[in-house]
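Spelled out, the chains give:
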Amino acid sequence: MNYLDELNPSQKEASTQIDGPMMVIAGAGSGKTKVLTYRISYLIENNIDAFNILALTFTNKAAGEMKHRISQMIGGNESKNIWMGTFHSIFARILRIEHEKIGYPSNFTIYDTQDTKSLIKTIVKEMGLDDKLYKPNVVYSRISSAKNNLISAQDYLSRVEIMAEDRSSGRTRLGDVYLEYQSRCFKSGAMDFDDLLFKTNVLLHQNPDVLLKYQNKFKYILVDEYQDTNYSQYLIIKSLAARFENICVVGDDAQSIYSFRGANIENILNFKKDYPDYNLYKLEQNYRSTQNIVNAANSIISNNKNQIEKKVWTANEEGELITVLKSFSDNEEGKQIANDIFNIKNNEQANNLDFAILYRTNAQSRSFEEAFRKLNLPYKIYGGLSFYQRKEIKDLLAYFRLTANNNDEEALKRIINYPKRGIGKTTLDKALVCANQNKTTIWNVLENPMSFGFNCNSGTANKIDSFISMIKSFKAQLTTKNAFDLAHEIAKSSGVLNDLYSDRTPEGIVRHENIQELLNAISEFSESQSNETNLQVHLTDFLIDVALLTDADSEKEEDKDKISLMTIHAAKGLEFPYVYIVGVEENLFPSQLSLNSRTELEEERRLFYVALTRAKKKAVLSYAVSRYRWGNFTSCEPSRFIEEIDEQFLDIQVPTSKISTFSKPNNVRKDFANEKIYNTNRNLKKVSTIKNQKLDNSDLDKIKIGTEVNHEKFGKGKVVQLLGDTPNVKATVYFPSSGQKQLLLKFAKLQILN
DNA sequence: CCAGTACTTAGGTTG
DNA sequence: TAAGTACTGG
């Protein structure tokens with residue numbers, strides 16, 4: 001137990017309270033994760049069974065890091081028995097076990113945000129509502145915040161104040177959309193992210209026996225980032241902890257930056273009401289940053305009215321002043337900072353990974369990317385599109401999903417005509433209407449068209465039939481083949497692999513590689529699982545949590561030593577020796593949309609606090625006086641946040657040179673000239689290839705499988721397949737130059753060769 | 001069915 | 001500016 005010696009007195013007190021409710025208010029950089037991991041280890045050393053511990057985090061990454069640290073302290077085998085993970089993954093696991101109690105199949109699909117928005121769009125269209133008024137984003141956020149406050153669709157429709165809100169915004173039918181959305185999800189055997197928490201609440205409240213079972217299981221509960229929990233999460237924790245009240249929550253009200261998503265700081269402030277005999281621990285010593293940084297951060301956060309009193313302090317050295325950097329434009333901001341980093345690297349032997357650029361919006365990354373490339377500084381952008389959200393990955397996953405759960409409407413819509421198999425929008429819309437009329441799923445309609453009075457022409461019927469048969473044949477292999485073999489089989493037989501392989505553009509090659517990477521991931525997953533259980537791993541096992549995965553933890557080796565570019569939200573929980581907070585301007589940071597209310601402005605200020613407290617050694621605040629936004633130049637003023645910092649901590653720089661405005665005008669002009677010539681050449685080429693051919697309809701009948709043809713754009717090719725009846729014959733033609741294409745003969749103007 | 005064009009819209013983002 | 005969707009002509 002010598003590890004307890006590594007803790008300061010308050011950390012130690014917090015780590016060694018075994019029983020009873022407790023709250024830890026942990027200032028930035030005060031060793032919050034350390035307390036959590038040490039406390040769990042301490043519990044286990046004091047004979048608390050690891051099976052009785054539940055540890056909830058906000059991100060996969062946080063859960064992963066904590067697991068890793070604990071397994072180093074107490075050994076891997078014991079630490080595996082702790083239920084540790086995000087709210088969503090833990091409660092999805094419980095819902096799959098208890099699925100019968102809420103009427104869902106155990107292999108229910110988890111809809112991600114894209115699926116959700118797509119379904120909302122479909123419903124808004126079906127109900128004949130104005131899609132300008134009922135934008136997917138707006139509808140989704142209304143539904144989501146209702147769910148996070150445990151308001152069901154029925155409750156929503158009966159709440160006077162909510163109805164009044166929707167009436168005043170003109171969206172009187174929003175409650176009906178919510179109702180239909182829930183019923184569609186239920187029919188499809190699907191839950192969205194918010195449902196995972198909502199249904200857990202329903203499960204626990206309607207089934208006292210289930211509640212008791214998990215209360216007895218989770219005798220010790222720990223919650224990280226408590227300031228970011230919403231009402232739905234709060235109530236789950238409260239219910240589970242009600243029997244033993246061995247609950248430990250850790251958070252920092254000053255770092256609450258997700259209230260726009262339903263997070264509720266009140267949960268921290270109300271803790272003492274729920275558990276009057278709780279113990280409060282404050283971690284106030286910052287081990288991360290210099291005095292100047294800590295003091296500057298304190299001086300800015302003191303402008304917020306709503307906060308728990310605490311004094312964050314540090315015993316670290318005073319350190320350098322915080323530099324305030326002015327630029328004339330966003331491009332110059334990038335160049336100045338790139339130069340600065342270049343110099344520090346040379347003078348102080350710093351690594352790339354010691355630097356981070358933090359911005360308010362993703363769009364700001366561009367000028368830095370350009371400047372870093374020019375100086376050959378390696379960088380990595382965090383955020384953006386994750387691996388599992390890429391189109392090709394989602395497509396293949398949709399095949400897996402539909403195979404596991406035939407009623408998954410969003411999966412079916414995604415792939416019924418990908419790769420192109422001639423089941424178009426018209427057919428799909430007709431099937432959807434039919435399914436709604438018969439209160440069933442599209443799958444059922446397509447599987448049994450006759451019994452639902454669904455008719456279409458024989459060609460389409462055949463295509464639908466072979467699609468259904470294909471999925472069924474995959475389904476038959478769910479329990480006979482292992483995950484990797486079936487996944488590979490589906491990728492091949494569905495035509496996805498071929499479709500991507502035929503695209504030889506650089507983007508197409510990347511897509512093909514991504515599919516290979518997904519297959520590799522499944523293979524790795526199978527191996528890691530089967531080692532433990534010695535059973536065959538099935539595709540459904542892989543599918544279970546795939547919607548909850550993010551690729552934050554899939555960092556590649558070659559990405560290790562790079563400058564980090566990310567939004568401040570993404571930087572939460574991280575630290576860097578050198579931090580550049582950029583675009584510190586009014587209307588950008590704080591964001592324009594936050595200026596209407598005190599609460600939103602205070603959240604921006606907390607965001608700034610988070611940004612500043614990421615820095616260990618040196619922080620730079622940078623602003624530009626003009627910035628390119630949405631296609632034109634806007635002039636900017638420095639942010640109020642700079643003024644709010646006590647001046648004694650700042651070193652305000654006056655720009656010495658206008659790097660971008662006057663340097664090398666000749667080169668710029670030359671580049672521009674080259675660009676123009678290049679464009680002109682391209683246009684000429686394009687014009688010269690356009691030929692005007694007359695097409696003779698009588699020739700169409702002469703085209704057979706194997707006929708060699710010429711196409712005005714794709715060049716020479718060979719007919720592989722013919723589908724449909726005249727005059728709507730569709731030909732599949734293989735062009736050596738551009739791959740396989742499907743063309744309607746009456747439009748394609750094919751020239752018969754030979 | 002495919003591909004090009006006209007038009008719209010723009011925040012931060014864990015699961 | 002850039003990206004995404006809806007429409008249209010071949």
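What you see is a predicted model, and the numbers here were worked out from it, not measured in a lab.

Student: How should I be thinking about the protein's contact with DNA strand B in this particular structure?
Tutor: Taken together, 30 residues sit near DNA strand B, with Asn60, Arg261, Lys420, Thr567 and Gln742 positioned nearest. Sugar and phosphate atoms represent 51% of those atoms of DNA strand B found within 4 Å of the protein. One of the side-chain nitrogen or oxygen atoms of Ser591 is found 3.0 Å away from a base nitrogen of DNA strand B. Between Glu604 and DNA strand B, the recorded distance is 3.4 Å, taken from a side-chain N or O atom to a base nitrogen. Every element with two or more residues in the surface near DNA strand B is listed here: helix 11 (193–206) and strand 23 (739–744). Among the elements that line the surface near DNA strand B, the one with the most residues is strand 23, at 3 residues. Across the surface near DNA strand B, the residue classes tally to 8 nonpolar, 13 polar and 9 charged.

Student: Could you clarify how one ought to interpret the side chain of Glu392 in this entry?
Tutor: Here Glu392 shows up in helix 19 (residues 391–404). As a buried residue without a salt bridge, Glu392 has its nearest oppositely charged side chain in Arg390, at a separation of 4.4 Å. Each residue touching Glu392, except ones within four places of it in the same chain, is listed here: Leu500, Arg511, Asn514 and Ile515.

Student: Just to check I follow, could you spell out the protein's contact with DNA strand C for this structure?
Tutor: In the neighbourhood of DNA strand C, the contacting residues comprise Arg366, Tyr628, Gly631, Phe747 and Lys749. Taking the atoms of DNA strand C that fall within 4 Å of the protein, sugar and phosphate contribute 33% of them. Its residues placed into classes, the surface near DNA strand C shows 2 nonpolar, 1 polar and 2 charged.

Student: Even after reading the chapter, I still don't get the environment of Gln516, so can you show me in this structure?
Tutor: Tracing the sequence through the fold places Gln516 in helix 26 (residues 506–533). Relative accessible area serves as the criterion here: at 32%, Gln516 is assigned to the partly exposed category. When the C-alpha positions of Gln516 and Val720 are compared, they lie 27 Å apart, and in sequence the two are 204 residues distant.

Student: What should I look at first to understand the confidence of the model for chain A in this one?
Tutor: Interpretation of this model should avoid reading the predicted coordinates in detail wherever pLDDT is low. Taken as a whole, chain A shows an average pLDDT of 85; of its residues, 90% reach a score of 70 or greater. Looking at the elements of chain A, mean pLDDT is at its lowest for helix 32 (residues 665–689), recorded as 29, and at its highest for helix 12 (residues 208–217), recorded as 98. Residue range residues 658–698 is modelled with pLDDT below 50. Its contacts to residues more than four positions away, or to other chains, number 15 contacts.

Student: Is there a simple way to explain the side chain of Arg96 in this structure?
Tutor: By the element assignment, Arg96 lies in helix 5 (residues 87–97). The class for Arg96 is buried, based on a relative accessible area of 12%. Polar side-chain contacts of Arg96 include one of 3.1 Å to the backbone oxygen of Ile544. Once residues lying within four places of it in the same chain are set aside, the contact partners of Arg96 are Ser106, Asn107, Phe108, Ile110 and Ile544.

Student: What is the right way to read the sheet that holds strand 15 (residues 576–581) from this model?
Tutor: By way of backbone hydrogen bonds, the strands of a sheet pair with one another, either parallel or antiparallel. If you walk across this open sheet you meet the 7 strands as 13-14-12-15-16-11-19, and the pairing is parallel. Two strands in the sheet have a free side with no partner beyond their single neighbour: strand 13 (379–381) and strand 19 (650–652). Sheet twist, expressed as the mean angle between neighbouring strand axes with direction ignored, is 20°. Here 4 bridges tie strand 12 (residues 355–359) to strand 15, and the two strands are oriented parallel to one another. Within strand 15, the position partnered with Phe355 by the bridge is Tyr578. Here helix 16 (residues 291–301) sits on the sheet and contacts strand 11 (322–327) and strand 16 (615–624); the angle it forms with strand 16, its principal contact strand, is near 55°.

Student: Honestly, the pairing of strand 6 (residues 220–223) in this entry has me stumped. Any pointers?
Tutor: Residues in a regular strand point their side chains to alternate faces of the sheet. Where burial is concerned, the two faces of strand 6 agree: the one with Tyr220 and Leu222 and the one with Ile221 and Val223 are both buried. Inspection of the sheet shows strand 2 (residues 53–57) paired to strand 6 by 4 bridges, in the parallel sense. Paired with Ile53 across the bridge in strand 6 is Tyr220. By the bridge criterion, 3 bridges tie strand 6 to strand 7 (residues 247–251) in an arrangement that is parallel. Among the inter-strand pairings, Val223 is bridged to a residue of strand 7, identified as Val249.

Student: Explain the pattern of salt bridges here, please?
Tutor: Side chains that carry opposite charge are capable of pairing whenever their charged atoms lie near each other. All chains considered together, the criterion is met by 39 salt bridges. One salt bridge in this structure joins Glu333 and Arg627, with 3.1 Å as the shortest N-O distance. Note that Glu333 is positioned in helix 17 (residues 330–348) and Arg627 in strand 17 (residues 626–629), a separation of 294 residues in sequence. For the pair shown, Glu333 and Arg627 are each scored as buried. Residue Glu348 pairs with Lys617 through a salt bridge whose shortest N-O separation is 3.3 Å. Of this pair, Glu348 sits in helix 17 while Lys617 sits in strand 16, placing them 269 residues apart in sequence. Overlapping salt bridges bring together Glu126, Glu180, Arg184, Glu409, Glu410 and Lys413 as one network.

Student: I'm lost on the pairing of strand 18 (residues 632–635) in this one. Help?
Tutor: The sheet contact formed by strand 17 and strand 18 spans 4 bridges and is antiparallel. For Arg627, the partnering residue across the bridge sits in strand 18 and is Thr634. The antiparallel pairing of strand 17 with strand 18 creates a hairpin that spans 2 residues between the two strands, and Trp630 there sits at a positive phi of about 50°.

Student: What is the right way to look at unusual backbone geometry in this model?
Tutor: The phi angle of most residues is negative, glycine excepted, and most peptide bonds adopt the trans form. Residue Pro419 follows Tyr418 across a cis peptide bond; omega there is -5°. Pro590 follows Phe589 through a cis peptide bond whose omega is 10°. Mapped onto the elements, Pro590 comes out in the loop between strand 15 and helix 29 (598–612). Even without glycine at this site, Asn47 takes up a positive phi of about 65°. Take Asn47: it is sitting in the loop between helix 2 (32–45) and strand 2.

Student: It is not clear to me how the nonpolar core should be interpreted in this structure. Could you clarify?
Tutor: Across soluble globular proteins, you tend to see nonpolar side chains buried next to one another. Ranked by size, the top nonpolar core spans 50 residues in total, and within it Leu397, Tyr399, Phe400, Leu446, Leu518 and Leu539 carry the most contacts. No other element matches helix 19, which puts 8 residues into this core. Within the second largest apolar cluster, 44 residues are counted, among which are Ile94, Leu204, Leu240 and Ile247.

Student: Can you walk me through the sheet that holds strand 3 (residues 83–86) in this structure?
Tutor: If you trace the 6 strands from one edge of the open sheet to the other, you get 3-2-6-7-1-8, paired in parallel fashion. At either end of the open sheet lies a strand with only one pairing partner, and these are strand 3 and strand 8 (279–283). Averaged over neighbouring strand pairs, the angle between their axes works out to 15° when direction is ignored. Contacting strand 2 and strand 3, helix 3 (residues 60–74) crosses the sheet at an angle of about 155° to strand 3.

Rules of the game
Residues numbered from 1 in each chain as written. Chains lettered and ligands numbered in written order. Predicted model: local features only at pLDDT ≥ 70, side-chain atom pairs only at ≥ 80, totals over all residues. Heavy atoms only, no water. Near = heavy atom within 4 Å. Polar contact = N/O pair within 3.5 Å; in protein donor to acceptor, adjacent residues only side chain to side chain. Helix = DSSP H or I, 4+ residues; strand = E, 2+ residues; numbered from the N terminus. Nonpolar A, V, L, I, M, F, W, Y, C, P; charged D, E, K, R; others polar. Buried < 20%, exposed > 50% of the residue type's maximum accessible area, 1.4 Å probe, protein only. Lys, Arg positive; Asp, Glu negative; His and termini not counted. Salt bridge = Lys/Arg side-chain N within 4 Å of Asp/Glu carboxyl O. Contact = heavy atoms within 4.5 Å. pLDDT = per-residue confidence, 0-100. Pairing = 2+ DSSP bridges. Axes fitted to C-alpha atoms, helices over the stretch in contact; angles between N-to-C directions. Core = buried A, V, L, I, M, F, W, Y, C linked by side-chain atoms within 4.5 Å.

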